[in-house]
Amino acid sequence: SRGSTELQLTQLRERQLDALVVDVRRVEAAPDLKMTQVVEMRAGFVCRQGHPLLERAAQGLAFDALLSYPIASIQLSQEVARLLVDHYGPQANPAQMTTLQCEDIASLLDVVGQTDAIYLGIVGAARQGLAQGRLVELPMQIPLKGQARLALITLAGRTELPVMSVFRAFVQNHLSD
């Protein structure tokens, strides 16, 4: 299901969805939600093959070098915003740094693959483009130490569907670095 985490939580509560896998930092604790942490996935910066920054990336890029290009990301939680600012300084505040925000990561990666925009997010989401050589992870002088903490979220007190064990195994096997 596409859409914001807030929309998906509403759909879960209205029983239009049976489960969600989202970054726990985007979800407020609530008594009606059961959150099981599934995986942590590394975050980083990704660009298209042939991006101008790659010419000077051999020694690692300073964060400021990225700011000359549009930054594309999903909406980030306040916790992630603080982590970025602590790590790279006030210029890394996503409210000012990002020029394109979208809840659909595939759309963001499509834009990055066709422009000079830089994707900030879960590197594993770009796995296919990285494997095909269309996308490249940018080496940073100070690597981003952030990780997405993805959790399986269901409604508390509901009997778990038998298929959830299959879904849980799918998530464990496919959501990894």
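Details of the structure are given in the entry above.
Fair warning: this is a prediction, and the values are worked out from it, not measured in the lab.

**Q** Honestly, the environment of P94 in this entry has me stumped. Any pointers?
**A** Locating P94 in the fold gives a position in helix 4 (residues 94-97). Using a relative accessible area of 6% as the deciding quantity, one classes P94 as buried. With residues up to four places along the chain from it excluded, the contact list for P94 reads L76, A81, L84 and Q101.

**Q** Would you explain the layout of surface pockets in this entry?
**A** Gaps left between atoms show up when a probe the size of a water molecule is rolled over them. In this structure, the largest pocket spans a volume of roughly 1,300 Å³. Residue lining of the largest pocket: 46 residues in total, with V21, V22, I105, I122 and L150 positioned closest to the centre. Looking at the lining of the largest pocket residue by residue, the classes come out as 26 nonpolar, 13 polar and 7 charged.

**Q** Hey, could you run me through the pattern of salt bridges in this one?
**A** Side chains bearing opposite charge may pair, as long as their charged atoms lie close to each other. Applying the stated criterion across every chain, the model contains 9 salt bridges. The partner of E103 in a salt bridge is R26, and the shortest N-O contact between them spans 3.6 Å. Here E103, found in the loop between strand 4 (100-101) and helix 5 (105-114), pairs with R26, found in the loop between strand 1 (20-23) and strand 2 (33-48); they are 77 residues apart in sequence, far enough to count as distant. Look at E103 and you get partly exposed, because its relative accessible area is 28%. The partner of D116 in a salt bridge is R48, with the nearest N and O atoms 2.5 Å apart. One end of the pair, D116, is in the loop between helix 5 and strand 5 (118-122); the other, R48, is in strand 2, with 68 residues separating them in the sequence. We classify D116 as partly exposed; its relative accessible area is 27%. Each of R25, E40, E79 and R149 takes part in salt bridges that share partners, so that together they form one network.

What counts and how
Residues numbered from 1 in each chain as written. Predicted model: local features only at pLDDT ≥ 70, side-chain atom pairs only at ≥ 80, totals over all residues. Heavy atoms only, no water. Helix = DSSP H or I, 4+ residues; strand = E, 2+ residues; numbered from the N terminus. Buried < 20%, exposed > 50% of the residue type's maximum accessible area, 1.4 Å probe, protein only. Contact = heavy atoms within 4.5 Å. 1 Å grid on protein atoms, 1.4 Å probe; cavity = no way out; pocket = protein on both sides within 12 Å on 5 of 7 lines; lining within 4 Å. Points joined across faces, edges and corners; volume = space filled by probe spheres on them. Nonpolar A, V, L, I, M, F, W, Y, C, P; charged D, E, K, R; others polar. Salt bridge = Lys/Arg side-chain N within 4 Å of Asp/Glu carboxyl O.

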